[in-house]
Amino acid sequence: MSRLTFLLASGFGLGLAPVAPGTFGSLAGIPLYLAILHVTTAPVPTLLLVGLAILLACWVAGEAERAIGEHDSGQIVIDEIVGMLVALLWIPP
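What this report covers is the structure whose coordinates are included nearby. (Residues numbered from 1 in each chain as written. Predicted model: local features only at pLDDT ≥ 70, side-chain atom pairs only at ≥ 80, totals over all residues. Heavy atoms only, no water.)

**Things to note about the layout of surface pockets**
Filter applied, for reference: Of the grid points, spaced at 1 Å and generated over the protein atoms alone, those admitting a 1.4 Å probe that cannot get out make up cavities, while open sets with protein on both sides within 12 Å along at least five of seven lines make up pockets; any residue with an atom within 4 Å of a point is treated as lining. Grid points are joined across faces, edges and corners, and a volume is the space filled by probe spheres set on the points. Helix numbers and strand numbers start at the N terminus; a helix is a DSSP run of H or I with at least 4 residues, a strand a run of E with at least 2.
Put simply, the largest pocket is a space of about 200 Å³. Lining the largest pocket, in full, are Leu8, Gly11, Phe12, Leu32, Ile36, Leu52, Ala53, Leu56, Ile78, Ile81, Val82 and Leu85. For the lining of the largest pocket, the elements supplying multiple residues, two or more each, are α2 (21-39), α3 (43-68) and α4 (78-88). Here the lining of the largest pocket gets four residues from one element, more than from any other, and that element is α4.

**Details of α4**
Side chains three or four residues apart in an α-helix point the same way, a direct result of the helix having 3.6 residues per turn. Condition: Burial status follows relative accessibility: with a 1.4 Å probe on protein chains alone, a residue under 20% of its type maximum counts as buried, one over 50% as exposed, and anything between as partly exposed. Directions pointing from the helix axis toward each C-beta atom define the arc. Only heavy atoms matter for contacts: two residues are in contact if any of them lie within 4.5 Å across the pair.
All of the buried residues along α4 are Ile78, Ile81, Val82, Leu85 and Leu88. Buried residues in α4, looked at end-on, bunch into an arc of 120 degrees, giving them a common side. On its buried side, α4 packs onto α1 (3-9), α2 and α3.

**Quick word on the pattern of salt bridges**
Rules: The salt bridge definition used is simple: a Lys or Arg side-chain nitrogen within 4 Å of an Asp or Glu carboxyl oxygen.
In the structure shown here, the tally under the stated rule is one salt bridge. A salt bridge links glutamate 63 to arginine 66; its shortest N-O distance comes to 2.9 Å. Of this pair, glutamate 63 and arginine 66 both sit in helix α3, three residues apart, roughly one helical turn. For glutamate 63, a relative accessible area of 27% gives the class partly exposed.

**Points about the nonpolar core**
Rule in force here: To qualify as a nonpolar core, a set must consist of buried Ala, Val, Leu, Ile, Met, Phe, Trp, Tyr and Cys residues joined through side-chain atoms within 4.5 Å.
Among the nonpolar cores identified, the biggest contains 15 residues, and Ala9, Tyr33, Ile76, Ile78, Val82 and Leu85 are the most heavily contacted of them. Among the secondary structure elements, those contributing two or more residues to this core are α2, α3 and α4. For this core, the element with the highest residue contribution is α3, accounting for six residues. Isoleucine 76 has contacts with Ala9, Ala61, Ala64, Glu65 and Ile68, leaving out every residue within four places of it along the chain.

Now the structure itself:
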């Protein structure tokens, strides 16, 4: 696994937090969503960006899981980050 893949999977190191790494990953999704809204608030482009994030997260998490050798490792928080993006889609800008 490349360093970039691990950085993405761990939320740039948030997954290495000794306590509640998933919570830190979820919190990281908030500024990411605000950055997306800074680029566009139109529904279709926003959905496309979040959809691309979901696809990227699926691939990155799978690669990281294989490299770490642990199913649903706490170090992998990209799913929490992208999950927050999906949850925030339902809140009006």
